[in-house]
Amino acid sequence: MERLCATFILCSLLIAGSYASTSKETLQEAENWFRNLSQRRERVAKLRFYIQDVLGGPNATIWEVARSEITSVSHTTFGQIRVLDDLITAEPDRNSEKLGRAQGLITSADLRESALAMNLNFVFTAGKYNGSTLCILGRNPIDTTNRELPVVGGTGVFRMARGFSISNTYSYDPVENYGVIEYIVYVSYV
């Protein structure tokens, strides 16, 4: 038993050591990238994709995690907090090319109109931006068209990202409780 424990501890230390050196290499690469920031060229991109919102049922991708005392009597569901993990697709059809996930937190944050305070991360898992993320943050008055939210950052290809997004409800099926949101993102990154 002692020999098994010693072998386990030795293996754990070797794995931890290799992880630490990988982490140091990653940190060093990030440090070098940042040091050379002034020599990097700024790029711009326009992205268009669709978020597939499954608002109910056993396969829902949006879930309530908290509510205030007045949420149930508020016509704007004020105080409701939900998390989401929605599919991002290249086209409005839910079976079109899968580009990644939209993950984040949405809060009903207006007593007078239906408006959300949003913190969304677009996590790209396919295509040109595979492995990168974009983060948007802001107020989303969901009953209006051309809702603008700022791009406040990103990772991977989108390090140091800034810009804005325009979103619109592409479709909503109340029977299926299923919505499709179109996003057009104008982003500048280094």
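See the structure shown above.
Every chain is numbered independently, its residues counted from 1 as its sequence is written. At least 70 in pLDDT is required for a residue's local features to be given in this predicted model, at least 80 for side-chain atom pairs to be given and counted, and no such filter applies to totals for whole chains, interfaces and linings, which use all residues. With hydrogens and water set aside, each side-chain value is computed from the structure's full complement of heavy atoms.

A. Just the environment of I62, in detail. By secondary structure assignment, the location of I62 is in strand 2 (residues 62-66). Summary of the burial criterion: residues with accessible area below 20% of their type's maximum are buried, those above 50% are exposed, and those between are partly exposed, where the area comes from a 1.4 Å probe applied to protein chains only. Taking the relative accessible area as the measure of exposure, I62 reaches 9% and is therefore buried. Residues I62 and D85, 23 residues apart in the sequence, show an inter-C-alpha distance of 6.6 Å. Helix numbers and strand numbers start at the N terminus; a helix is a DSSP run of H or I with at least 4 residues, a strand a run of E with at least 2.

B. Broad picture of unusual backbone geometry. Of note, the phi angle at N146 is positive, near 50°, even though the residue is not glycine. The topology assignment puts N146 in the loop between strand 6 (133-141) and strand 7 (147-155).

C. Structural context of the layout of surface pockets. The computed volume of the largest pocket comes to approximately 540 Å³. Mapped onto the lining of the largest pocket, the elements with two or more residues apiece are strand 1 (43-54), strand 3 (81-89), strand 4 (98-108), strand 5 (115-124), strand 8 (162-173) and strand 9 (178-189). Ten residue types, Ala, Val, Leu, Ile, Met, Phe, Trp, Tyr, Cys and Pro, are classed as nonpolar, four, Asp, Glu, Lys and Arg, as charged, and the remainder, Gly among them, as polar. In terms of residue class, the lining of the largest pocket is made up of 15 nonpolar, 11 polar and 5 charged. Grid points spaced at 1 Å over the protein atoms alone were grouped into cavities, where a 1.4 Å probe fits but cannot get out, and pockets, open sets with protein on both sides within 12 Å along at least five of seven lines, with lining residues defined by an atom within 4 Å of a point. Grid points are joined across faces, edges and corners, and a volume is the space filled by probe spheres set on the points.

D. A look at the pattern of salt bridges. Note on definitions: salt bridges are taken to be side-chain nitrogens of Lys or Arg within 4 Å of carboxyl oxygens of Asp or Glu. The full count for this structure, using the stated rule, is 8 salt bridges. Between E42 and R162 there is a salt bridge, with the nearest N and O atoms lying 2.6 Å from each other. With a gap of 120 residues between them, E42 in the loop between helix 1 (2-35) and strand 1 and R162 in strand 8 connect regions that are remote in the sequence. A relative accessible area of 41% means that E42 is categorised as partly exposed. Exposure remark for R162: the relative accessible area of 45% places this residue in the partly exposed category. In this structure, E64 engages R67 in a salt bridge whose closest nitrogen and oxygen atoms are separated by 2.7 Å. We classify E64 as partly exposed; its relative accessible area is 36%. Since its relative accessible area comes to 44%, R67 is described here as partly exposed.

E. Summary view of the packing of aromatic side chains. Aromatic rings from Phe, Tyr and Trp, with only the six-membered ring used for Trp, were paired whenever their centres fell within 6.5 Å, and each pair was classed as stacked if the ring planes differed by under 30 degrees, edge-to-face if by over 60, and tilted otherwise. Evaluation of the coordinates by the stated rule reveals 10 aromatic pairs. Here F49 and F122 contribute two aromatic rings whose centre-to-centre distance is 4.9 Å and whose plane-to-plane angle is 75°, an arrangement assigned as edge-to-face. Here the residue F49 occupies a position in strand 1, and F122 occupies one in strand 5, the gap between them amounting to 73 residues. Summarising the aromatic geometry, the rings of F124 and F158 are spaced 6.2 Å apart at their centres and angled 55° between planes, so their arrangement reads as tilted. Of this pair, F124 sits in strand 5 while F158 sits in the loop between strand 7 and strand 8; the two residues are 34 residues apart in sequence, bridging distant segments of the chain. Within the aromatic cluster, the residues linked to one another by ring pairs are F49, F122, F124, Y129, F158, Y183 and Y189.

F. A nonpolar patch on the surface, seen in detail. For patch building, the residue pool is restricted to those with more than 30% relative accessible area and no salt bridge; the joining distance is 9 Å between like charges and 5 Å between nonpolar side chains (Val, Leu, Ile, Met, Phe, Trp, Tyr). To measure how exposed things are, a 1.4 Å probe is used in the Shrake-Rupley method; for residues, cover is taken only from the protein chains shown. Among the surface-exposed residues, W63, V65, V83 and L105 lie close enough to one another that they form a single nonpolar patch of about 360 Å² accessible area. For W63, a relative accessible area of 48% corresponds to the partly exposed category.

G. The arrangement of the nonpolar core in detail. If you look at the biggest cluster of nonpolar residues, it comprises 28 residues, and the most contacted ones within it are L47, F49, F122, L134, F158, Y183 and V187. Elements with a contribution of two residues or more to this core: strand 1, strand 3, strand 4, strand 5, strand 6, strand 7 and strand 9. Residue contacts follow a heavy-atom distance rule, with two residues in contact if any of their heavy atoms lie within 4.5 Å. The contacts of L134, once residues within four sequence positions are left out, are L47, L120, N121, F122, F124, V151, G153, G154, F158, A161, V185 and V187. Buried Ala, Val, Leu, Ile, Met, Phe, Trp, Tyr and Cys residues form a nonpolar core when they are joined through side-chain atoms within 4.5 Å.

None of the figures reported here should be taken as evidence of function without further support.
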